Amino acid sequence: MAQGGAQLDPLKFSCSICLDPLKDPVTVPCGHSYCSNCIKRHWDEEQNKGIYSCPLCGDKSRRRPDLKKSVVLAELVEDLKKTGLQAAAADLCSAGPEDVACDVCSGRKLKAIKSCLVCVASYCEEHLHGHYEAAPLKKHQLVEPSKKLQEKICSLHDEVKKIFCRTDQQCICYLCTMDQHRGHETVPAAAERRQKQKELEGSRLNIQQRIQEREKDVKQLQQQMFAINVSADEAVEHSEESFTQMIRLLQKRSLEVKRQLRSQQQTAVSGLKELEEKLQQEIAELKRKDVQLEQLAHTEDHTQFLHSYTSVSTLSEPTHYSSIQTAPLRDFEDVAAAVSESRDKLQDILRETEEVLLLQPQPESRADFLQYSQQITLDPNSVNRHLKLSDGDRKVTFTEEVQPYSDHPDRFTVWPQVLSRESLTGRSYWEVERRGWVGVAVTYKNISRAGRGEECGFGFNDKSWALYCYSDSFSFYHNNIHTPVSGPQSSRVGVYLDHRAGILSFYSVSETMTLLHRVQTSFTQPLHAGIRLYYSGISFLKPE
């Protein structure tokens, strides 16, 4: 039997609960086999549920099944031990570098399956039996194997840390309360845990409520976006239909005017051609008479001259030239003028439509601007590591010391810049209190962040617009084009954005507001406020 057993896979003779070779193997009703202690402990844990299941196949029973010793498996396991394959099986439960080793095992350390918080030790399956069998040990708290048990031992007194010092917010041992923590507010660690557990549950409840609120806000935003999209689509559809009808009407009216003008042209020209023919006939007749009179003038015979004179000198009635008029030309000019007037009216209507869409009245006084006041906070995920945020992420300061921000794809890696959390659409106004040389900018969110290239710097690409404020001057940059800016110096710069109208304005703010620079363009994406620092500090302010 030993010889045959040597050819079998040791894994087939391992308990699926503890993963060690079967010890005292027993078989459950579904046919699977386990260590006797393992399946008993598994069913002890399930006893409160009132259902007993097989860990492998999930077969369930409301009555605790009877266990039958598997004689054949027991003999096979013994044969495996004799043939040396037990060593391979033991390797499966030996502790590796990443495992927690049993503190009791001598020689080869086995994997610990539990750690005891009272004993501050970890145990393998074999050495853990006492905690299940001895009454005093059953009260000990067993947890998943941990390598950090020594953190529970006081390094000064070599005692278990069972006390929590509220004064210093750390776990200590009972001897510490009589030493360096004398007079401090101390409580049992378990009691502090219960209190912190309640606070944790309160924090979780608060977080869950905030999640629900944010999800509700997101739903409202989605509903708003849906309503905006539906409204815009309907407006576009109606506008296209109206413009199509207008175009068709104009084309129809153009054809009608053209047809009427050509008809009038044909009528006028036909009348003039008829008159022209009469005039040509009269001219021919007059020329013929002139020839006859010339011939008569040269006749030497007086009798013949007098006889022919009467018939030759008689002329037909002349054409009435008063019928030749220039009125049709004036008619055509009137039509052209009327069409031009209609065109001008249409342009005025379209211009008014554009003003309704884009060019609503712009604010003029500071009180007007404050109606569009925008709360600005700075995004920690975008801030360069040489910039320090404070005052609720509303102030940023340059520092030589590298800040311990975590890696994030939105972070500016080289340029000392930071973006706002808020995206800006519609009308917005905010003010920047500056100290030193500062760049005040707006930018699309997809501006590049990594590296020192111009594609990352505010104003040096087509994704950003920036006013740079120096000690005695200003400069505006967009798409790496420099525009000198003049104006009074002040510690506060106001920024006004009308996203829909494509207006971006920078103001010097003191007792009065002075326009420094204005941009008229078309913004194709939501914008974010931006700041670039030169060894100085700056803070965003909500105007009041």
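The structure presented is a predicted model; accordingly, all values stated were derived computationally and were not measured.

1. Observations regarding the overall build of the chain
Across its full length, the chain holds 10 helices and 24 strands. For 544 residues, the compact-globule formula gives about 24 Å, and the C-alpha radius of gyration of the chain, at 50 Å, lies well above that figure. Each of the three principal axes of the chain carries a C-alpha extent, and together these read 175 × 70 × 40 Å. Residue pairs in contact within the chain that sit at least 24 positions apart in sequence constitute 53% of those at least 6 positions apart. Total accessible area computed for the chain in this model is approximately 34900 Å², and 52% of it derives from carbon and sulfur atoms.

2. Describing the UniProt feature "coiled-coil region" (unreviewed entry) in the chain
Sequence positions flagged by UniProt for "coiled-coil region" (unreviewed entry) are, in local numbering, residues 258-296. The span residues 258-296 is 100% helix and 0% strand, and its two end C-alpha atoms sit 56 Å from each other.

3. Describing the sheet that holds strand 6 (residues 114-116)
Strand order in the open sheet formed by three strands is 7-6-8, and the pairing between neighbours is antiparallel. Edge positions in the open sheet fall to strand 7 (121-123) and strand 8 (142-143), since each of these has one partner strand only. Relative to strand 7, strand 6 is paired through three bridges, and the arrangement is antiparallel. Note that in strand 7 the partner of Lys 114 across the bridge is Tyr 123.

4. Section: the side chain of Asn 384
Counting through the fold element by element, Asn 384 comes out in the loop between helix 10 (366-370) and strand 12 (387-390). A relative accessible area of 3% means that Asn 384 is categorised as buried. With residues up to four places along the chain from it excluded, the contact list for Asn 384 reads Tyr 405, Phe 412, Thr 413, Val 414, Trp 415, Pro 416 and Gln 417.

5. Let's talk about the domain arrangement of the chain
Parsing the chain into structural domains produces domain 1 (25-92), domain 2 (213-314) and domain 3 (366-540). With centres defined by C-alpha atoms, the gap from domain 1 to domain 3 works out at 69 Å.

6. Quick notes on the nonpolar core
Formed by 35 residues in total, the largest nonpolar core has its most connected members in Val 396, Trp 430, Trp 465, Leu 467, Leu 504 and Ile 531. Beyond its immediate chain neighbours, meaning those up to four positions away, Trp 430 contacts Gln 374, Ile 376, Leu 424, Val 442, Val 493, Gly 494, Val 495, Leu 497, Ala 529 and Phe 540.

7. Concerning the pattern of salt bridges
Evaluated as defined, the whole model comprises 18 salt bridges. Note that Asp 66 is salt-bridged to Arg 63, the shortest N-O span being 3.6 Å. Across the pair, Arg 63 and Asp 66 agree in class, each one exposed. Of the charged contacts, one joins Asp 217 and Arg 214 as a salt bridge, the two residues approaching to 2.8 Å between their closest N and O atoms.

8. With respect to a nonpolar patch on the surface
A cluster of nonpolar side chains, namely Phe 243, Met 246, Ile 247 and Leu 350, defines an oily patch on the protein surface of about 330 Å² accessible area. Ranked by residues supplied to the nonpolar patch, first place goes to helix 7 (residues 189-297) with three residues. Among the secondary structure elements, Leu 350 is positioned in helix 9 (residues 327-357).

9. Observations concerning the pairing of strand 16 (residues 437-444)
With respect to burial, strand 16 is a largely interior element, seven of its eight residues being buried. By the bridge criterion, eight bridges tie strand 16 to strand 23 (residues 527-534) in an arrangement that is antiparallel. Note on strand 23: the bridge partner recorded for Val 438 is Leu 533. Here strand 16 pairs with strand 17 (residues 464-469) via six bridges, running antiparallel. Opposite Val 440, over in strand 17, you have Leu 467 as the bridge partner.

10. Observations regarding a negative patch on the surface
A contiguous patch of negative charge, built from Asp 233, Glu 234, Glu 237, Glu 240 and Glu 241, is present on the exposed surface. Assignment of secondary structure puts Glu 234 in helix 7.

11. So, helix 7
Helix length check: helix 7 (109 residues) gives 152 Å between terminal C-alpha atoms against 162 Å at 1.5 Å per residue, within 8%. Listing the buried residues of helix 7 in full gives Glu 192, Leu 275, Leu 279, Glu 282, Lys 289 and Leu 296.

12. A short note on the packing of helix 7 against helix 8 (residues 302-313)
Relative to each other, helix 7 and helix 8 sit at 165°, their axes nearing to 10 Å. Between helix 7 and helix 8, the angle falls in the class roughly antiparallel. Along this stretch, helix 7 crosses helix 8, giving a crossing that reads as left-handed. Listed contacts from helix 8 to Lys 289, Gln 292, Leu 293 and Leu 296 of helix 7 are Phe 305, Ser 308, Tyr 309, Ser 311, Val 312 and Ser 313.

13. Some thoughts on the environment of Pro 145
Among the structural elements, Pro 145 can be located in the loop between strand 8 and strand 9 (163-165). Beyond its immediate chain neighbours, meaning those up to four positions away, Pro 145 contacts Val 100, Ala 112, Ile 113, Lys 114 and Ser 115.

14. Quick word on the packing of aromatic side chains
Tallying each qualifying case throughout the model produces 17 aromatic pairs. Judged by centre distance (5.6 Å) and plane angle (85°), the rings of Tyr 444 and Trp 465 are edge-to-face. With Tyr 444 in strand 16 and Trp 465 in strand 17, this pair connects stretches of sequence that are 21 residues apart. Between Phe 460 and Tyr 468 the ring centres are 6.1 Å apart and the planes differ by 40°, which places this aromatic pair in the tilted class. In textbook terms, an aromatic cluster arises when at least three aromatic residues are bridged by ring pairs, as seen for Trp 415, Trp 437, Phe 460, Tyr 468, Tyr 470, Tyr 477 and Tyr 534.

15. Some remarks on the sheet that holds strand 1 (residues 25-27)
Pairing in this open sheet of three strands is antiparallel, and the strands run 2-1-5 from one edge to the other. In this open sheet, the two strands that pair with only one neighbour each are strand 2 (33-35) and strand 5 (68-69). Examined bridge by bridge, strand 1 and strand 5 share two bridges and lie antiparallel to one another. Its bridge partner lying in strand 5, Thr 27 is registered against Lys 68. Contacts from helix 2 (residues 36-46) reach strand 1 and strand 2 within the one sheet, and its direction differs from that of strand 2 by about 95°.

Thresholds applied
Note that residues are indexed from 1 along each chain, following the sequence as it is written. In view of the model being predicted, local features appear only for residues whose pLDDT reaches at least 70, and side-chain atom pairs are presented and counted only at 80 or more, with totals across whole chains, interfaces and linings using the full set of residues. Heavy atoms from the whole structure form the basis of all side-chain values; hydrogens and water molecules are not counted. Secondary structure counts use DSSP, requiring at least four H or I residues in a row for a helix and at least two E residues in a row for a strand, with both numbered from the N terminus. What the globule rule says is 2.2 Å times the number of residues to the power 0.38, and the radius of gyration is computed from C-alpha atoms. It only takes one pair of heavy atoms within 4.5 Å for two residues to be counted as in contact. The Shrake-Rupley method, run with a 1.4 Å probe sphere, supplies the accessible areas, and residue values consider only the shown protein chains as cover. UniProt positions are given in the numbering used here, feature names are shortened, and annotations may be inferred rather than shown by experiment. For two strands to pair, DSSP has to find at least two bridges joining them. Each residue gets one of three labels from its accessible area relative to the maximum for its type: buried under 20%, exposed over 50%, partly exposed in between, using a 1.4 Å probe on protein chains only. All the domain ranges listed were derived from an automatic or database domain assignment. The set of buried Ala, Val, Leu, Ile, Met, Phe, Trp, Tyr and Cys residues whose side-chain atoms join them within 4.5 Å is what this entry labels a nonpolar core. In the sections that follow, a salt bridge refers to a side-chain nitrogen of Lys or Arg positioned within 4 Å of a carboxyl oxygen of Asp or Glu. Here a patch means residues that are over 30% exposed by relative accessible area and free of salt bridges, tied together within 9 Å if like-charged and within 5 Å if nonpolar (Val, Leu, Ile, Met, Phe, Trp, Tyr). For the charge count, each Lys or Arg is scored as positive and each Asp or Glu as negative, with His and the chain ends excluded. Charge coordinates come from a single atom per side chain, which is NZ of Lys, CZ of Arg, CG of Asp or CD of Glu. A helix is expected to reach a length of 1.5 Å times the quantity of its residues less one. Think of each axis as a best-fit line through the C-alpha atoms, taken over the contacting stretch in the case of a helix, with angles from 0 to 180 degrees between the N-to-C directions. By the definition adopted for this analysis, an angle is roughly parallel if under 35 degrees, roughly antiparallel if over 145, roughly perpendicular if from 65 to 115, and oblique otherwise. A crossing counts as left-handed when the near helix is turned anticlockwise from the far one by less than a right angle, and as right-handed when that turn is clockwise. Stacked, tilted and edge-to-face are the three classes applied to pairs of Phe, Tyr and Trp rings, where Trp contributes its six-membered ring and a pair requires centres within 6.5 Å; stacked means planes under 30 degrees apart, edge-to-face means over 60, and tilted covers the rest.

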